[in-house]
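Inside the fold
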Amino acid sequence: MLTRFPQLPPSLGQSRPLPSSGRPQAMAFPPPKGRARAVERGGAGSGRRWLGPRDLGPHLDHNTVSALNWIKETGDQQSSSPTTKTTQKHYCDYEHQTLSKREQAEEESLFAAIQWPNPPVGKIPFIRSTDPAHSNFVIVNSHVRFKVGDQLEVSVHMKDFQGKPKQYGGDYIQARIHSPLLKAGATGRVVDDQNGFYKIFFTLLWPGEVRVSVSLVHPSEGIQVLQRLREERPDRVYFKSLFRSGSTSETTVCNVCLPGDLPVCNFTDLYTGEPWFCYKPRKLSCASRINHAKGGYQKGLLTPSESLFFQTDVNIKVPILPSGPDSVTVEPLGFTESANLDRSQGPAVFPLGYYYHDKWRPRTSWIRHFNKTADISECLQGKVVHFFGDSTIRQWFEYLTTFVPDLVEFNLGSPKNVGPFMSVDLKHNVLLKFRCHGPPIRFTTVFSSELRYIANELNGIVGGRNTVIAITIWSHFSTFPVEVYIRRLRNIRRSIVLLLDRSPKTLVVIRTANVQELGPEVSLFNSDWYSFQLDTIMRKMFSGIAVFFVDAWEMSLAHYLPHNLHPQDVIIKNQIDAFLSFVCPLET
């Protein structure tokens, strides 16, 4: 029998009840205190659903399903009489953080950095939403003779499905310039005038014919829906854990936020305070948990009207066509001028790099291209390299292990794609290690004993001139309010600062987020818009400390290959070149 102590903080691995307020409240996660909702609700909430037995699939046992029978589904109901909705209480740890004044100020600054313009108050019908087919762009002063280093301005005019000009902003646009024959490309900087017009600024970085490409990723009306889902439905990807003792086993649902008044197992990390909860098994103790896994993706998140804002070939990553020329001719500069252009400095440099002949050229640092395996072996000789994060940095581990013949993966018996993994080069005394970050993580199955938080792993590393650390963490946080992500980065940053303080010669590299292919379903969980917001936070939180960045965002967006969550090898190769250039910089 569970003893309930609502006033006492739960300890690790012990069950605790969810707090009760004494009155029912809407089944929606409210915004953090002090920050108003950015989205007008309208009728969007009427289609809200929480986990039901049918949602959980065949992987959950009978006891789990029975324990979740209290969860109700609500649907659109039209009646002349008032409708009473079944409501449940919830608990969300991120809403109860105690922040110092400095942390609070930083959080406010981060929210200001990702603030997004909203459509007018009220429901916008689909026909009045942004239509990329009716919209267009024009190159300003396309007749001017441009030289390498000049700025190119593009004006985008958005219209709705009736061909009428939009009067407000908030659309998410991606843009790049490129020269296919040269395999050259660079990203553009988008400025929202918030009146249906957008300006895009490019720096012309190579000579020849340069084309402009502009795409609508999501209309502003779709962004409004994504904002609502992020705040109200952090459960739209749900997780599960298997508990086992002898011949008895049970599987329950887990997450950062769990609704309802059922007892839960509190797996909050003792050192970082990172919250994680599972519904308590009916028969087993919390200490009997043996693994963690992705449970699945929620369905029915959108109302019929909202789903119209997420249509392939209609308003998700659809090109916007020009109303005039789509290219300009750029004249070359002299050698000295060109060299100075490539070595730009300062925080206002944009873009941070570009492709030329399929090779990435950063504008704020020097890069080496490691085309020979011997060069990589020489660079890594005597070093221990730690890769921490998700599958996008696991690609670095896999690329190096595959490309360098002297690196041999040591079989640790780890699940495929999950890890931990280790490769060894005895000849050159090189050790590569990969470990995934702690929950939330959408991998198939991770043993509980292998669930490690990056901050804790960093605290256990001695460091030094032969220690290299590469970190990325973003994709698995896209479904949660950004407070959850900020907390995680704050813990990682604290551990990095401590590591660099005790071992200043340790090299720490941050891999940024990247763009990916999107469809109607993926957009609700891993939209580029979510990733862009997290990437903005990541860059700001790690700026000002002695870490280096590999700009995977620009490197994926500027390239000619289709967008992919896991970029193809030519892009990974350029990322590895940038990474190794920090490990073994050019002598200048």
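Before going into details, it helps to say that this report is about the structure given with it. (Residues numbered from 1 in each chain as written. Predicted model: local features only at pLDDT ≥ 70, side-chain atom pairs only at ≥ 80, totals over all residues. Heavy atoms only, no water.)

1. Remarks on the overall build of the protein chain
Along the backbone of the protein chain there are 14 helices and 28 strands. Excluding contacts between residues fewer than 6 apart, the proportion of contacts in the protein chain whose partners are at least 24 apart in sequence is 76%. Surface accessibility of the protein chain: about 25,800 Å² in total, with carbon and sulfur atoms responsible for 53%. (Helix = DSSP H or I, 4+ residues; strand = E, 2+ residues; numbered from the N terminus. Contact = heavy atoms within 4.5 Å. Areas by Shrake-Rupley, 256 points an atom, 1.4 Å probe, with all protein chains shown as cover.)

2. Some details on helix α3 (residues 101-113)
Its 13 residues give α3 an end-to-end C-alpha distance of 18 Å, which sits within 8% of 18 Å, the value for a rise of 1.5 Å per residue. Restricting attention to buried positions, one finds in α3 the residues E106, E107, L110 and F111. Within α3, the buried residues cover an arc of 135 degrees as seen down the axis, which keeps them to one side. Among the exposed residues of α3, those oriented more than 90 degrees off its buried face are K101, R102, E108 and A112. Elements that come into contact with the buried residues of α3 comprise α10 (482-502) and α12 (528-542). (Expected span 1.5 Å × (residues − 1). Buried < 20%, exposed > 50% of the residue type's maximum accessible area, 1.4 Å probe, protein only. Arc of directions from axis to C-beta.)

3. Description of the packing of helix α4 (residues 220-232) against α12
Relative to each other, α4 and α12 sit at 65 degrees, their axes nearing to 10 Å. With respect to α12, the axis of α4 lies roughly perpendicular. The chirality of how α4 crosses α12 is right-handed. On α12, the residues that touch I223, L226, Q227, L229 and R230 of α4 are W529, Y530 and Q533. Residue classes in the contact of α4 with α12 are distributed as 5 nonpolar, 2 polar and 1 charged. (Axes fitted to C-alpha atoms, helices over the stretch in contact; angles between N-to-C directions. Parallel < 35°, antiparallel > 145°, perpendicular 65-115°, else oblique. Left-handed = near helix turned anticlockwise from the far one by under 90°. Nonpolar A, V, L, I, M, F, W, Y, C, P; charged D, E, K, R; others polar.)

4. Let's talk about the nonpolar core
Ranked by internal contacts, the top residues of the largest apolar core, which has 66 residues, are L458, I471, L489, I492, I496 and I537. Take this core: its biggest share by element is 9 residues, from α10. Those residues in contact with I496 that sit more than four places away from it in its chain are L458, I471, V508, I510, F542, I545 and V547. Grouped together as the second largest cluster of nonpolar side chains are 43 residues, W396, Y399, A578 and F582 included. (Core = buried A, V, L, I, M, F, W, Y, C linked by side-chain atoms within 4.5 Å.)

5. Section: the packing of aromatic side chains
Going through the model one piece at a time under the given rule, you end up with 20 aromatic pairs. Seen in terms of ring centroids, F387 and W396 are 6.4 Å apart; in terms of plane orientation they differ by 90 degrees. Their pairing is edge-to-face. Taken individually, F387 and W396 each receive the classification buried, so the pair is uniform in this respect. An aromatic cluster of at least three residues, connected via ring pairs, comprises W116, Y172, W529, Y530, F532 and W553. Stacked on the ring of F267, the Lys or Arg R289 has its end atom at 3.8 Å from the ring centre. (Phe/Tyr/Trp six-rings, centres within 6.5 Å; stacked < 30°, edge-to-face > 60°. Lys NZ or Arg CZ within 6 Å of the ring centre and 35° of its normal.)

6. A few points about the side chain of T187
Of note, T187 is situated in strand β7 (residues 184-187). Among all residues touching T187, those that are not within four sequence positions of it are A175, R176, F202, F350, P351, E554, L557 and A558.

7. A look at the pattern of salt bridges
Overall, the coordinates contain 22 salt bridges when judged by the stated rule. The closest approach of N and O atoms between E450 and R452, which form a salt bridge, is 3.8 Å. Classification of E450 as partly exposed rests on a relative accessible area of 22%. A salt bridge links E457 to R452, with the shortest nitrogen-to-oxygen separation between them at 3.4 Å. The exposure class assigned to R452 is partly exposed, which follows from its relative accessible area of 29%. Here the salt bridges share partners, and the residues they tie into one network are E103, E106, E107, R490, R493 and R494. (Salt bridge = Lys/Arg side-chain N within 4 Å of Asp/Glu carboxyl O.)

8. Focus on the environment of R465
By the secondary structure assignment, R465 is in the loop between α9 (454-459) and β26 (467-472). Its relative accessible area of 57% is what places R465 among the exposed residues. Considering only alpha carbons, one finds R465 and V583, 118 residues apart in sequence, at a separation of 9.8 Å. The residues touching R465, leaving out its near neighbours within four places in the chain, are K383 and K505.

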